[in-house]
Amino acid sequence: EIASCLVGSEMCIRDRSMVICLSERITMNKNKNTIHNQKHLTLTERIYIEQELVQGSTFSSIASIIDKDPSTISKEVKRARIIEDARYTGKCHACQNYGDCFRKSICGDWCKWRCRNCYKKNPTHVCPDFIPWNCGQLGKPPYVCNACDKYKWCPLPKALYVANKAQASYEKKWTDSRKGINMTPEELQELNDLISPLVLKGQPLSHIFAVHKDEIPVCRRTLYNYFDQCVFKARNIDLPRRVRYKKRKKRSEPRKKDYQQTYRNKRTYIDFERFMEAHPDTDVVEMDTVKGSREKGKCLLTLLFRSCSFMIIILLPDCTQKSVIKAIDDLCETIGIRTFKKYFPVILTDNGSEFKNPWEIEKNEAGTHRTYVFYCDPYVSNQKGRLEKNHEYIRYIIPKGRSMYKYTQEDINLMASHINSTARDSLNGASPFDLADLLLDKKIPLLTGQHKVSPDNVVLKPVLIENSVKEREIRHEQ
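Right, let's walk through the structure included here. Just so it is clear, the model here is predicted, and its values are computed rather than measured. (Residues numbered from 1 in each chain as written. Predicted model: local features only at pLDDT ≥ 70, side-chain atom pairs only at ≥ 80, totals over all residues. Heavy atoms only, no water.)

A short note on the overall build of the chain
The test is simple: The helix count covers DSSP runs of H or I at least four residues long, the strand count covers runs of E at least two residues long, and both are numbered beginning at the N terminus. Note on classification: 1.4 Å probe, protein chains only; a residue is buried when its accessible area is under 20% of the maximum for its type, exposed when over 50%, partly exposed between these limits. Any two residues whose heavy atoms approach within 4.5 Å at even a single point are treated as in contact. Under the convention used here, a 1.4 Å probe and the Shrake-Rupley method define accessible areas, while residue burial counts only the protein chains that appear.
A count of helical and extended segments in the chain gives 19 helices and 7 strands. When each of the 478 residues of the chain is scored for burial, the buried share is 38%. When contacts within the chain are restricted to residue pairs at least 6 apart in sequence, long-range pairs at least 24 apart make up 67% of them. Carbon and sulfur atoms make up 52% of the accessible area of the chain, which amounts to about 30,000 Å² in all.

Considerations on the pairing of strand E6 (residues 346-349)
What counts is decided by this rule: Paired strands, in this sense, are two strands between which DSSP finds at least two bridges.
Residue alternation in E6 divides its side chains into two sets, Val 346 and Leu 348 and Ile 347 and Thr 349, and both sets are buried. Inspection of the sheet shows strand E3 (residues 284-291) paired to E6 by 3 bridges, in the parallel sense. Paired with Val 285 across the bridge in E6 is Ile 347. One ladder, built from 4 bridges, connects E6 with strand E7 (residues 372-375); its direction is parallel.

Things to note about the environment of Pro 240
Summarising the element assignment, Pro 240 is placed in the loop between helix H10 (220-228) and helix H11 (269-278). We classify Pro 240 as partly exposed; its relative accessible area is 22%. Along the chain, Pro 240 and Leu 205 lie 35 residues apart, while their C-alpha atoms are 9.4 Å from each other.

Digging into unusual backbone geometry
Residues Pro 141 and Pro 142 are joined by a peptide bond in cis, for which omega reads 10 degrees. Residue position: Pro 142 is located in the loop between helix H6 (115-118) and strand E2 (158-160). Positive phi, normally seen in glycine, also occurs at Asn 428, with a value near 60 degrees. For Asn 428, the location among the structural elements is in the loop between helix H16 (409-420) and helix H17 (432-439). When its relative accessible area of 75% is taken as the criterion, Asn 428 is described as exposed.

Regarding the environment of Cys 127
By the element assignment, Cys 127 lies in the loop between H6 and E2. Through-space distance from the C-alpha of Cys 127 to that of Cys 95 is 9.8 Å; in sequence the pair is 32 residues apart.

Observations regarding the pairing of E3
Of all 8 residues in E3, 7 are buried, a share of seventy percent or more. Pairing of E3 with strand E4 (residues 299-305), which is carried by 7 bridges, proceeds in the antiparallel orientation. In the sheet register, Met 287 faces E4, and the bridge partner there is Leu 303.

Structural notes on the packing of helix H9 (residues 205-212) against H10
Helix-helix packing: each pair is described by the crossing angle between the helix axes and the interaxial distance. Put simply, the test is: Simply put, an axis is a line fit to the C-alpha atoms, just over the touching stretch for a helix, and the angle between two N-to-C directions goes from 0 to 180 degrees. Working definition: roughly parallel below 35 degrees, roughly antiparallel above 145 degrees, roughly perpendicular at 65 to 115 degrees, and oblique for all remaining angles. Here a crossing is taken to be left-handed if its near helix is turned anticlockwise relative to the far helix by less than a right angle, and right-handed if that turn runs clockwise. Ten residue types, Ala, Val, Leu, Ile, Met, Phe, Trp, Tyr, Cys and Pro, are classed as nonpolar, four, Asp, Glu, Lys and Arg, as charged, and the remainder, Gly among them, as polar.
The geometry of H9 relative to H10 is characterised by a closest axis approach of 11 Å and an angle of 125 degrees between their N-to-C directions. In terms of orientation, H9 and H10 fall into the oblique class. Once H9 is placed against H10, the crossing between them reads as right-handed. Here H9 contributes Leu 205, Ser 206 and Phe 209 to the contact with H10, which in turn contributes Arg 220, Leu 223, Tyr 224 and Phe 227. Classifying every residue of the contact of H9 with H10 by side-chain character gives 5 nonpolar, 1 polar and 1 charged.

Examining the pattern of salt bridges
Inclusion rule: One speaks of a salt bridge when a side-chain nitrogen belonging to Lys or Arg is within 4 Å of a carboxyl oxygen belonging to Asp or Glu.
Enumeration over the complete set of coordinates arrives at 18 salt bridges. In this structure, Asp 288 and Lys 384 form a salt bridge, with 2.9 Å as the shortest nitrogen-oxygen distance. Taken as a pair, Asp 288 in strand E3 and Lys 384 in the loop between E7 and helix H15 (385-397) lie far apart in primary sequence, 96 residues in all. The residue Asp 329 makes a salt bridge to Arg 370 at a minimum N-O spacing of 2.7 Å. You can see Asp 329 sitting in helix H12 (residues 321-335) and its partner Arg 370 sitting in the loop between helix H14 (358-362) and E7, a full 41 residues away along the chain. Here Asp 329 matches Arg 370 in class, with each residue buried. Because the salt bridges share partners, they merge into one network encompassing Asp 288, Asp 350, Lys 384 and Glu 388.

Some points on the sheet that holds E6
Spatially, the 5 strands line up as an open sheet ordered E5-E4-E3-E6-E7, and their pairing is mixed. The sheet is open, and its two borders are formed by strand E5 (311-316) and E7, each paired with just one other strand. In this sheet, adjacent strand axes meet at a mean angle of 25 degrees when their direction is disregarded. Across the sheet, H11 touches E3, E6 and E7, and the angle it forms with E7 is around 130 degrees.

A word on the nonpolar core
Heads up, the condition is: In these notes, a set of buried Ala, Val, Leu, Ile, Met, Phe, Trp, Tyr and Cys residues joined through side-chain atoms within 4.5 Å is what counts as a nonpolar core.
Of all hydrophobic cores here, the largest spans 31 residues; its most connected members are Met 287, Leu 301, Leu 303, Phe 305, Phe 310, Ile 312 and Phe 344. Contributions of two or more residues to this core are made by E3, E4, E5, H12, helix H13 (337-343), E7 and H17. Not counting the four nearest positions on each side in its chain, Met 287 is found in contact with Leu 301, Thr 302, Leu 303, Ile 328, Ile 347, Leu 348, Thr 349, Asp 350, Phe 355, Ile 361, Lys 384 and Leu 387.

Quick word on H11
Note the cut-off: Of all possible arcs, the one meant is that of the directions from the helix axis to the C-beta atoms.
Buried within H11 are the following residues: Tyr 269, Asp 271, Phe 272, Phe 275 and Met 276. Summarising the axial view, the buried residues of H11 lie within an arc of 150 degrees, below the 170-degree limit, and thus occupy one face. Those residues of H11 that are exposed and angled more than 90 degrees off the buried face are Arg 274, Glu 277 and Ala 278. Where H11 is buried, its residues contact E3, E6 and E7.

Put into structure tokens, the structure is as follows:
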């Protein structure tokens, strides 16, 4: 209809040819047989091909059923067919003149045997009357002997198509094609120069990908495979999360949970959820402590803003209620009571003995109310999982069991600056510092002694603060 309409309007010859081509394409698209499945052959399809070859079906009939091009079936059969050698007892059996042959002296004038008897002694001699058998079936479709009635007793070379072996050959080729490193040595060296120095600084791959995603030509899973193949200067041992955790021991009996404690009155996690339902826009700060060695001594008080994962770390002289309350009082005085009430309206913590005085945490020395304190359920640390996850970054720099008696608040501020400058997957590639600039008062990081670190200069290794400790000891000795 389109063609007749345009022809009636006295269009030019070029436009007529375009309409004819368009109509032909429409007709071809309507014919479903011209649109073939472009996916790889499956085991089921190969079994069907084998069965049809036994029945003597043509490539066209096979292709029409499994929605493939006939050339695809032809290539598959020729590629995957198995060649069996001829079953001859000697070369004479491969000659068409074997039954009527009486030629002698093939090995020399001294030999009086017929060639078919002395061939085994001197196989290097070739008879001038040798005419090899040639079936000719393997050189034309279907290129195999699956449908041949003479297959069992035929002494000639044969070819068979077996579906299971064809599938195994396909899978091996498919696997081998994806092995190795799909990069040139120059590209691999360039990637090593970018990745290894950052990993040796303790930076996780999530941070590296967030900062250099445009420079890394492979995905993160491929990069982990390269680490397994040891193609980089950095190794798996240098990745902070590449080690296995010790299997946790199961308790025979569950611990009894005592909820009848005075400090938890109207401050349980259920009360926290009810409070948040009534005040959904209220910010939440998670609080916990990080201890060094098992002995009494210095520890860390951590405060994390849920909205941006920005963490404040305060060095405490000991892990007691008095030290915790003094640290919160000092923080409130440093940033101001008004700022503290705005950004610390709710504090969620665990049931540690150092936090069991909520009355003095909620009010300052003058008795002014400044925050609400709620407690997680006992042994349910995932209720403040964001903070527990951030403690891993602290353990990268201060391993578990290491004493903190040498550290000062300046060292801890330096560590907090590097941790808060690390990009996170949970923040869509941004760092806590990036979100803190938008969601927090800019004087909070400044007054807590933190500064933003360039992404490539982030270090999450013990050497970060050990160097400053050594420099301080040298200055003290001088």
